[in-house]
Amino acid sequence: MVYETIAFVLFAVITVGCSLGVVLMQDIWHSALLLGGALLSVAVHYIMLQAEFLAAMQILVYVGGILILVTFAVMLTRTQPEGSNI
């Protein structure tokens, strides 16, 4: 019982820390990585609640889909600095 409480508190702190990092980061790439960390830690909470199907859907849909979508959006909308001649 003690180990479950410690794991819950640890992943709760990770979830809150990553969520704050998503909001407070200036770089969109780091914000997207922190979003992935927050969504993965929520999936761990689902596993702790013995809802494995919800955890799998959390990982497949949100981490897999939304994070890849954000990554492609960042890569496609990046502009070149004015001084570069690439």
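For the structure given in this document, a descriptive report is provided here. (Residues numbered from 1 in each chain as written. Predicted model: local features only at pLDDT ≥ 70, side-chain atom pairs only at ≥ 80, totals over all residues. Heavy atoms only, no water.)

1. With respect to the overall build of the chain
- Within the chain one finds three helices and zero strands.
- Here the C-alpha atoms of the chain give a radius of gyration of 16 Å, more than 25% beyond the 12 Å that 2.2 N^0.38 yields for 86 residues.
- Dimensions of the chain, computed from C-alpha atoms along their principal axes, come out at roughly 60 × 25 × 15 Å.
- Sequence separation of at least 24 residues holds for 48% of the intrachain contacts in the chain that already meet a minimum separation of 6.
- Of the roughly 6,500 Å² of accessible surface on the chain, a fraction of 75% belongs to carbon and sulfur atoms. (Helix = DSSP H or I, 4+ residues; strand = E, 2+ residues; numbered from the N terminus. Rg over C-alpha atoms; globule rule 2.2 N^0.38 Å. Contact = heavy atoms within 4.5 Å. Areas by Shrake-Rupley, 256 points an atom, 1.4 Å probe, with all protein chains shown as cover.)

2. What about the packing of helix 1 (residues 2-24) against helix 2 (residues 28-48)?
- Where helix 1 meets helix 2, the axes come as close as 8 Å, and the angle between the chain directions of the two elements is 155°. Taken together, the axes of helix 1 and helix 2 lie roughly antiparallel to each other. Between helix 1 and helix 2 lies a crossing whose hand is left-handed. Residue-level contacts link Glu4, Ala7, Phe8, Phe11, Ala12, Ile14, Thr15, Cys18, Ser19, Gly21 and Val22 of helix 1 to Ser31, Leu34, Leu35, Gly37, Ala38, Ser41, Val42, Val44, His45 and Met48 of helix 2. (Axes fitted to C-alpha atoms, helices over the stretch in contact; angles between N-to-C directions. Parallel < 35°, antiparallel > 145°, perpendicular 65-115°, else oblique. Left-handed = near helix turned anticlockwise from the far one by under 90°.)

3. Looking at helix 2
- Across its 21 residues, helix 2 extends 30 Å between first and last C-alpha, which sits within 8% of the 30 Å expected from 1.5 Å per residue.
- For helix 2, the set of buried residues is Ser31, Ala32, Gly36, Ala38, Leu39, Ser41, Ala43 and His45.
- Here the buried face of helix 2 lies against helix 1 and helix 3 (52-77).
- Gln50 occupies a position one or two residues after helix 2 and carries a positive phi of about 60°. (Expected span 1.5 Å × (residues − 1). Buried < 20%, exposed > 50% of the residue type's maximum accessible area, 1.4 Å probe, protein only.)

4. Describing helix 1
- Over its 23 residues, helix 1 extends 33 Å from the first C-alpha to the last, a length consistent with the 33 Å expected when each residue adds 1.5 Å.
- Residues of helix 1 that are buried: Thr15, Cys18 and Gly21.
- Elements in contact with the buried residues of helix 1: helix 2.

5. A word on unusual backbone geometry
- Residues other than glycine seldom take positive phi values, yet Gln50 does so here, at roughly 60°.
- Mapped onto the elements, Gln50 comes out in the loop between helix 2 and helix 3.

6. With respect to a nonpolar patch on the surface
- On the surface, a nonpolar cluster with roughly 790 Å² of combined accessible area is contributed by Phe53, Leu54, Met57, Leu60, Val61, Tyr62, Ile66 and Leu69.
- Within the secondary structure layout, Leu54 lies in helix 3.
- We classify Leu54 as partly exposed; its relative accessible area is 45%. (Patch = residues over 30% accessible without salt bridge, like charges linked within 9 Å, V, L, I, M, F, W, Y side chains within 5 Å. Salt bridge = Lys/Arg side-chain N within 4 Å of Asp/Glu carboxyl O.)

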